[in-house]
Amino acid sequence: MSRHYDVVIAGAGIIGLSTALFLRERGLSVAVFDKGEVAYEQSGRNWGWMRTIGQDMAELELALASRPLWRQWAAEGDFGFRQCGLVSLAGDEAEWAGLKNWLKHAAGRGLDTRELESADTATLLPQFQRHWAGALFAPGDAGIEPDQAMRFLEKKVLDAGVVMVPGNAIRRIDISGDRACAVETETGRVTADKIVIAAGAWSRWLCKTVGIVIPQLRVTASVLRTTPVEGGPNVNVASTRYCLRPRRDGGYTVARRNSSLTCVTPDSVRFMRQYLPNYLKQKQLLRVRAGTSFFRELQLERRFGPEKSNPFEDFRACDPVPDIETLKETFEYLKEDSPVFRSSRIASSWAGTIDVMPDALPVLSPVARYQGLFLATGFSAHGFGIGPAAGRLMADIVMGEATAASAAPFRLERFHLNDD
Ligand SMILES: Cc1cc2nc3c(=O)[nH]c(=O)nc-3n(C[C@H](O)[C@H](O)[C@H](O)COP(=O)(O)OP(=O)(O)OC[C@H]3O[C@@H](n4cnc5c(N)ncnc54)[C@H](O)[C@@H]3O)c2cc1C
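Residues numbered from 1 in each chain as written. Predicted model: local features only at pLDDT ≥ 70, side-chain atom pairs only at ≥ 80, totals over all residues. Heavy atoms only, no water.

Caption draft 1: Summary view of the overall build of the protein. Within the protein, the regular secondary structure consists of 14 helices and 20 strands. For the protein, whose C-alpha radius of gyration is 21 Å, the value lies close to the compact-globule estimate of 22 Å for 420 residues. Here the protein holds 420 residues, and 55% of them are scored as buried. Considering only residue pairs separated by 6 or more positions, the protein has 76% of its internal contacts joining residues 24 or more positions apart. Element-wise, carbon and sulfur atoms account for 52% of the exposed surface of the protein, whose accessible area totals about 17,600 Å². In the protein, 51 positive and 49 negative side-chain charges are present, and the distance between their average locations comes to 2 Å. (Helix = DSSP H or I, 4+ residues; strand = E, 2+ residues; numbered from the N terminus. Rg over C-alpha atoms; globule rule 2.2 N^0.38 Å. Buried < 20%, exposed > 50% of the residue type's maximum accessible area, 1.4 Å probe, protein only. Contact = heavy atoms within 4.5 Å. Areas by Shrake-Rupley, 256 points an atom, 1.4 Å probe, with all protein chains shown as cover. Lys, Arg positive; Asp, Glu negative; His and termini not counted. Charge placed at Lys NZ, Arg CZ, Asp CG, Glu CD.)

Written out as structure tokens, the structure is:
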């Protein structure tokens, strides 16, 4: 390991790795540090959907641009990529109106999404007995095995010459004048011309080391894996009762969209104004719990600082406890609607901590206050599918080559929390 790189990246999830890859392809020396194992947090634990349906208009371009990149990577290595499509099912007329409204806005952007007649839905999903108010189908959406894809990507960046440093937390960013110039790691100081914070749910804490505020909160989401299912659906399915992806092991990854949990913390109080409008619109998607987490986090903040301890080494591997009751209920809904699942069992379950932003859009941005400091974070539960194109855009931003139009929706300045 050298003591200087053109670019140092904090975080070896899909965003850190794909950014590193595209920067390395431009000839820069790049090192990626992770406090734990590569892809142990969100990027290795997600549902494995690469979807366009339901994406915010600002992100559709990234979603569409990621499709050919995933296909190209899948031609280079086998990580269970399947362009199996995604069906989004509406349980009632209100949901159906929402889906149709999304399609109306997305029209003309090069999408393959179409409305399905109920006979088409029955043909595509003969395993389901339920009546749906309507359905959209995107044949170009895909399913990916996240852990295998991340092993593939890790090897690809290593082969490209990126230096990977797992198990080595970045404790803080060093500033000299108005420039970010180095990272303090567990094993010493490493200087860099440019530093990218791609630390997922920890980005808020890393930003605190240089006094930059990002209104990022954390949400916990639970997932289950079934035992193999004979004759199950071959497409990804989205509904409010359950979401699923066929796995290459013959089972399914299953979860519920509206089962995420967030705890009240000092940050949720601080950022209430930013989150309230979106929360009120989508209350049913999130459960809020008040409890000891508020005081735990307050204590953590007091212990945190350059000369004190930091949370990165204390919580090297973020592995929350899954909400097994909600998962069991979700699996029961699935068995109720689709008899093929009745003989399968829950083989395993897990949870992940999602980094969310008030407008559910990521921050892909330079930090105006400090030259050489960049953020790539806050993917709000959909950064895996769009990860390849998001990494490419981030590399453009770092190189100063991104067009204003492509980068504008993701600027940090949209929150006005760091205005001097
Ligand atoms: C249950 C679940 C289901 C999801 N389903 C989907 C889906 O189907 N499709 C989709 O597109 N998205 C999905 N997502 C979201 C997606 O997984 C994330 O948006 C994406 O993986 C974010 O990648 P990332 O690289 O930004 O963060 P992460 O993968 O979380 O990586 C951040 C890394 O930074 C490291 N780090 C943190 N602090 C430091 C530090 N100080 N020093 C060094 N390293 C540090 C961490 O250890 C971690 O490895 C899901 C997420 C979850 C949890």
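What follows picks up the thread again.
Caption draft 2: Structural view of the site of the ligand. Around the ligand sit 34 residues in total, of which Asp34, Ser43, Ile170, Gly383 and Gly385 are the nearest. Between a nitrogen atom of the ligand and a main-chain N or O atom of Trp47, the distance comes to 3.1 Å. Phe384 places a polar main-chain atom, nitrogen or oxygen, 3.0 Å from an oxygen atom of the ligand. At the level of elements, helix H1 (14-25), helix H2 (42-45), strand E12 (217-226) and strand E18 (346-356) are the ones that each hand at least two residues to the shell around the ligand. The leading source of residues in the shell around the ligand is H2, at three residues. (Near = heavy atom within 4 Å. Polar contact = N/O pair within 3.5 Å; in protein donor to acceptor, adjacent residues only side chain to side chain.)

Caption draft 3: Local environment of the layout of surface pockets. Taken as a whole, the second largest pocket holds about 1,000 Å³ of empty space. Arg218, Thr220, Cys263, Arg296 and Glu297 are, among the 37 residues lining the second largest pocket, the residues nearest its centre. Breaking the lining of the second largest pocket down by element, the ones donating at least two residues are helix H7 (203-208), E12, strand E16 (260-263), helix H8 (266-270), strand E17 (286-289) and helix H10 (293-303). Broken down by element, the residue count for the lining of the second largest pocket peaks at six residues, all from H10. For the lining of the second largest pocket, the residue count by class is 15 nonpolar, twelve polar and ten charged. (1 Å grid on protein atoms, 1.4 Å probe; cavity = no way out; pocket = protein on both sides within 12 Å on 5 of 7 lines; lining within 4 Å. Points joined across faces, edges and corners; volume = space filled by probe spheres on them. Nonpolar A, V, L, I, M, F, W, Y, C, P; charged D, E, K, R; others polar.)

Caption draft 4: Broad picture of the pairing of strand E11 (residues 188-197). As paired elements, strand E1 (residues 4-10) and E11 share six bridges and run parallel to each other. Following the sheet pairing, Ile9 is matched in E11 by Val196. Of the strand pairs in this sheet, strand E10 (residues 179-185) and E11 are connected by four bridges, and their pairing is antiparallel. Paired with Glu184 across the two strands is Arg189, which belongs to E11. Between E10 and E11, which pair antiparallel one after the other, the connecting turn spans two residues. Both E11 and strand E20 (residues 373-377) contribute to a ladder of three bridges, which runs parallel. Paired with Ile197 across the two strands is Leu375, which belongs to E20. (Pairing = 2+ DSSP bridges.)

Caption draft 5: Layout of the packing of aromatic side chains. Per the stated rule, a full pass over the model turns up eleven aromatic pairs. With centroids separated by 4.9 Å and ring planes inclined at 85°, the aromatic side chains of Trp47 and Trp49 adopt a geometry described as edge-to-face. With relative accessibility at 11%, the residue Trp49 sits in the buried group. Judged by centre distance (5.0 Å) and plane angle (40°), the rings of Phe79 and Phe152 are tilted. You can see Phe79 sitting in the loop between helix H3 (57-76) and strand E4 (86-90) and its partner Phe152 sitting in helix H6 (residues 146-160), a full 73 residues away along the chain. By the burial criterion, Phe79 is buried, and Phe152 matches it. Within the aromatic cluster, the residues linked to one another by ring pairs are Trp70, Trp73, Phe79, Phe152 and Phe384. (Phe/Tyr/Trp six-rings, centres within 6.5 Å; stacked < 30°, edge-to-face > 60°.)

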